[in-house]
Amino acid sequence: TVYAYDNMTLSPAAPLAFGAEYARYDYMNGRGLLSPRVELTLTPASRTRITTSLSRRELASGAEEFQAPSDAGIWLPPQRTFSSIDPAEPFVAERAMNAAVGVERDLGVSTIALRAFRQQVEDQLVTVFGGQAAGQPTSRSGHYIVGNGGDITARGVSAEFRAVIASRVHGSVQYTMAQAEVLDGGDKYLMLLAPMASRLSTRAVQDVTARLSADVPETSTRVMVLYRVGNGFAQPAPRTDASAGNGLDARFDVQVRQSLPFMSFSNARWEMLFAVRNFFRDASYDQALFDELFVIHPPKRVVGGVALHF
């Protein structure tokens, strides 16, 4: 993967951020994956910002095993294996167009943010843990199946409230409401493993995401807790019924990072990490609405180790 990003100041009140990422996976058929993005922020008044963004994100099947994490993510070596839900078909990348406009207003130490977005996704990725595709071994926590749920269009709005709860504690709550429509059916085996990820339908999606972070400088300790609950998570098909609906489900991520200053030398920084999580993907600015919702039965993971930052 290679990428380049830059910022340009059109005026003191109008910075422009832009860039692109190019990725090549040798197990994917066809060309490489190009993901450009541009974002313009306007400041019409003090403490008020208007942001518009346009991006196209191309995501390979199983890319989570190889991608570098976001700034708050955890960089791990490949942990699991994956295979196509249909052995006779090659892996197909997901391609998502995302357009959004948002308004933020600072109120003292708090911020209110409103955002409207529209997405057009081709070949939405669906990830299944604990399922079994034809002619393949059962998918368990160390292995998962990847398929495509068809094309999806979605539009929605979100409202977020961010605040400084205490001098060392920050928190935020975000509510998202969207209307989505599956325009085209996906892989045929998905009807057996995850009916609601492949069935032609229009659905209303709502979820709430809460985040709490704390920083204790005396001990160089950072704690982050992320919890997301919503009604759009795809569920596996019951063994006694060929139909299954979307249901209320949740994802969580708890991380504790402890700096080890006694091991630091030069410009390097050592950090001990402990995390418990069942998020499959790290959240990103241009993530498709159903990227995490269409991950079925992600395993809980306990992560521990030491990171060295240069």
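Our subject is the structure that appears above.
1. Observations concerning the sheet that holds strand β9 (residues 143-148)
Here's step 1: Strand order in the open sheet formed by four strands is β5-β9-β8-β16, and the pairing between neighbours is mixed. Because the sheet does not close on itself, it has two edges, and the strands there are β5 (81-84) and β16 (295-296).
Here's step 2: Note that strand β8 (residues 125-128) and β16 share two bridges and pair parallel. Directly across from Val128, in β16, lies its bridge partner Ile296.

2. A short note on empty space enclosed by the protein
Here's step 1: Taken as a whole and judged by the stated rule, the model has one cavity of 30 Å³ or more.
Here's step 2: Its boundaries defined by the atoms lining it, the largest cavity holds a volume of some 30 Å³.
Here's step 3: Class assignment of the residues belonging to the lining of the largest cavity gives a composition of four nonpolar, two polar and two charged.

3. A look at a nonpolar patch on the surface
Here's step 1: Nonpolar side chains collect at one region of the surface, where Ile165, Leu212, Val223, Val225, Val254, Val256, Phe274 and Val302 lie side by side and expose about 630 Å² of accessible area between them.
Here's step 2: At the level of elements, β13 (221-233) and β14 (247-259) are the ones that each hand at least two residues to the nonpolar patch.
Here's step 3: Take Val302: it is sitting in strand β17 (residues 301-309).
Here's step 4: Residue Val302 is classed as exposed on the basis of its relative accessible area, which comes to 63%.

4. Let's talk about the pattern of salt bridges
Here's step 1: Tallied over the entire structure, the rule returns 20 salt bridges.
Here's step 2: Glu39 serves as the salt-bridge partner of Arg37, at 2.7 Å between the closest nitrogen and oxygen.
Here's step 3: Residue classification places Glu39 among the partly exposed residues on the basis of a relative accessible area of 21%.
Here's step 4: The closest approach of N and O atoms between Glu104 and Arg162, which form a salt bridge, is 3.3 Å. Here Glu104 is found in strand β6 (residues 94-107), whereas its partner Arg162 is found in strand β10 (residues 152-166), with 58 residues between them in sequence.
Here's step 5: Taking the relative accessible area as the measure of exposure, Glu104 reaches 24% and is therefore partly exposed.
Here's step 6: The exposure class assigned to Arg162 is partly exposed, which follows from its relative accessible area of 26%.
Here's step 7: Through salt bridges that share partners, Arg49, Glu104, Asp106, Glu160 and Arg162 make up one connected network.

The rules behind each value
- Residues numbered from 1 in each chain as written.
- Predicted model: local features only at pLDDT ≥ 70, side-chain atom pairs only at ≥ 80, totals over all residues.
- Heavy atoms only, no water.
- Pairing = 2+ DSSP bridges.
- Helix = DSSP H or I, 4+ residues; strand = E, 2+ residues; numbered from the N terminus.
- 1 Å grid on protein atoms, 1.4 Å probe; cavity = no way out; pocket = protein on both sides within 12 Å on 5 of 7 lines; lining within 4 Å.
- Points joined across faces, edges and corners; volume = space filled by probe spheres on them.
- Nonpolar A, V, L, I, M, F, W, Y, C, P; charged D, E, K, R; others polar.
- Patch = residues over 30% accessible without salt bridge, like charges linked within 9 Å, V, L, I, M, F, W, Y side chains within 5 Å.
- Areas by Shrake-Rupley, 256 points an atom, 1.4 Å probe, with all protein chains shown as cover.
- Salt bridge = Lys/Arg side-chain N within 4 Å of Asp/Glu carboxyl O.
- Buried < 20%, exposed > 50% of the residue type's maximum accessible area, 1.4 Å probe, protein only.

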